[in-house]
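Each chain, written out:
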Amino acid sequence: MTNTLTIRRPDDWHLHFRDGDIMRGVVPYTARQFGRAIVMPNLSPPVTTTALAREYRDRIIAAVPDGVEFTPLMTCYLTDTTDPDDLAMGASDGVFTAAKLYPANATTNSAHGVSDVEKIYPVLKRMEADGIVLCVHGEVTDNDIDVFDREAEFIDRHMRAIIANFPNLKVVFEHITTSDAVDFVNECGSNVAATITPQHLHINRNAMLVGGIQPHNYCLPVAKRETHRLALRAAATSGSAKFFLGTDSAPHLRSVKETSCGCAGIFNAPFAIESYLAVFEEEGALDKFEAFASLNGPAFYGLAVSEESITLERVAVHVPDMLDLTGEDIVPWHAGQTLNWRIAG
Ligand code: DOR
Ligand code: ZN
């Protein structure tokens, strides 16, 4: 039995840090494990310009604990009126690593998102020319489309068109939840990849709806049926360079999760690596873990892999029921459970 695993230091290719006190509370959890993270721009107001991203990056860096090496990689929140020149300048200045497409009203703080994907085609053209990565929240928002079908519908209505119109655009299909998305990404060329969260590898939709509403298992896109979870596990552990780690850690205080209209988002940053590793061990794929966590993401983004390494050891770790975040309760992913691995040292 393998009891230790040493891998290049991993990166998180999709997460939410928020801002202010919450951000200062959550950044250390991520910086403990990951060397870099792609930071989502869905603040209120959103991070839509190079100037706003630069300031936000400074605030994140100020929240990294002393002695810890961590680099936030910033994203531009695309709107109907995004200025392609500002985005291109931010990318060439090293402020923006990617731009994020939120269909308007698809999820938390997405009201300023794109109302019609074709409206940003001029921006996508510039991104394709300049090699700027497009990160996509792939769900349609129409009321008449069942929430469990929104990802598959987005592929047919928008993803295929984006890829056909911009064949050299680098696209990350974020937090995929369906076998349809796995198949789509596999059919595309090497310019299309996907991130997968730990929760979508661990749970199906029953975890949200059986035995009472389980708000801490609710995120967007919502977990789907078991066949989809199994397809995601197969993709993540396949060794394919198209799939990599992106936690979608999305902190919301307990008070706004456990309420009559609870927020979408799972706060998985505290034990993210341990959570993913549990899946890879269950699938007998520990040998594929480094590719998923530490190699495939940098290769896709054209960045160097980390020169540092981390060692994981087989030691039971108990996840607390609750954590304190700026004096308020927040419930971590895997609350109350025991995980089998931890980061050594
Ligand atoms: O569950 C989610 N929470 N999905 C998202 O796309 C956004 C995120 C958030 O910001 O809370
Ligand atoms: Zn997200």
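As shown above, the structure is provided for reference.
Residues numbered from 1 in each chain as written. Chains lettered and ligands numbered in written order. Predicted model: local features only at pLDDT ≥ 70, side-chain atom pairs only at ≥ 80, totals over all residues. Heavy atoms only, no water.

Enquirer: Whenever I open this one, the packing of aromatic side chains confuses me. Can you help?
Expert: What characterises a pair of aromatic rings is the spacing of the ring centres plus the angle enclosed by the ring planes. Enumeration over the complete set of coordinates arrives at 13 aromatic pairs. Judged by centre distance (6.3 Å) and plane angle (80 degrees), the ring pair of Phe173 and Phe184 falls under edge-to-face. Pair noted here: Phe173 is in strand β7 (residues 171-173) and Phe184 is in helix α6 (residues 179-187), with a separation of 11 residues, a long-range link. Here Phe173 falls in the buried class, since its relative accessible area comes to 0%. The class for Phe184 is buried, based on a relative accessible area of 3%. Through pairs of rings, three or more aromatic residues link up here, namely Trp13, Phe244, Phe300 and Tyr301. The cationic tip of Lys170 hangs over the ring face of Phe300; the distance from NZ or CZ to the ring centre is 5.5 Å. Seen from the ring of Phe148, Arg205 lies directly overhead, with NZ or CZ sitting 4.6 Å from the centre. (Phe/Tyr/Trp six-rings, centres within 6.5 Å; stacked < 30°, edge-to-face > 60°. Helix = DSSP H or I, 4+ residues; strand = E, 2+ residues; numbered from the N terminus. Buried < 20%, exposed > 50% of the residue type's maximum accessible area, 1.4 Å probe, protein only. Lys NZ or Arg CZ within 6 Å of the ring centre and 35° of its normal.)

Enquirer: In this structure, what is going on with the site of ligand 1? I would like to understand it.
Expert: Around ligand 1, the structure places 13 residues, and the nearest of them are Arg18, Asn42, Thr107, Leu220 and His252. Within the side chain of Thr108, an N or O atom sits 3.2 Å from an oxygen atom of ligand 1. In this structure the site holding ligand 1 corresponds to the largest cavity. Residue composition of the shell around ligand 1, grouped by class: four nonpolar, seven polar and two charged. (Near = heavy atom within 4 Å. Polar contact = N/O pair within 3.5 Å; in protein donor to acceptor, adjacent residues only side chain to side chain. 1 Å grid on protein atoms, 1.4 Å probe; cavity = no way out; pocket = protein on both sides within 12 Å on 5 of 7 lines; lining within 4 Å. Sits in = over half its atoms within 2 Å of the grid points. Nonpolar A, V, L, I, M, F, W, Y, C, P; charged D, E, K, R; others polar.)

Enquirer: Explain the coordination of the zinc ion (ligand 2) here, please?
Expert: Tetrahedral coordination by four donors sets the ideal angle at the metal to 109.5 degrees; octahedral coordination by six donors sets it to 90 or 180 degrees. Protein coordination of the zinc ion (ligand 2) is provided by His14 (NE2), His16 (NE2) and Asp248 (OD), with donor distances spanning 2.0 to 2.1 Å. Counting the intervening residues between successive donors of the zinc ion (ligand 2) yields the motif H-x1-H-x231-D. For the pair His14 and His16, one class covers both residues: buried. (Donors = N, O, S within 2.8 Å, 3.2 Å for Na, K, Ca; no water.)

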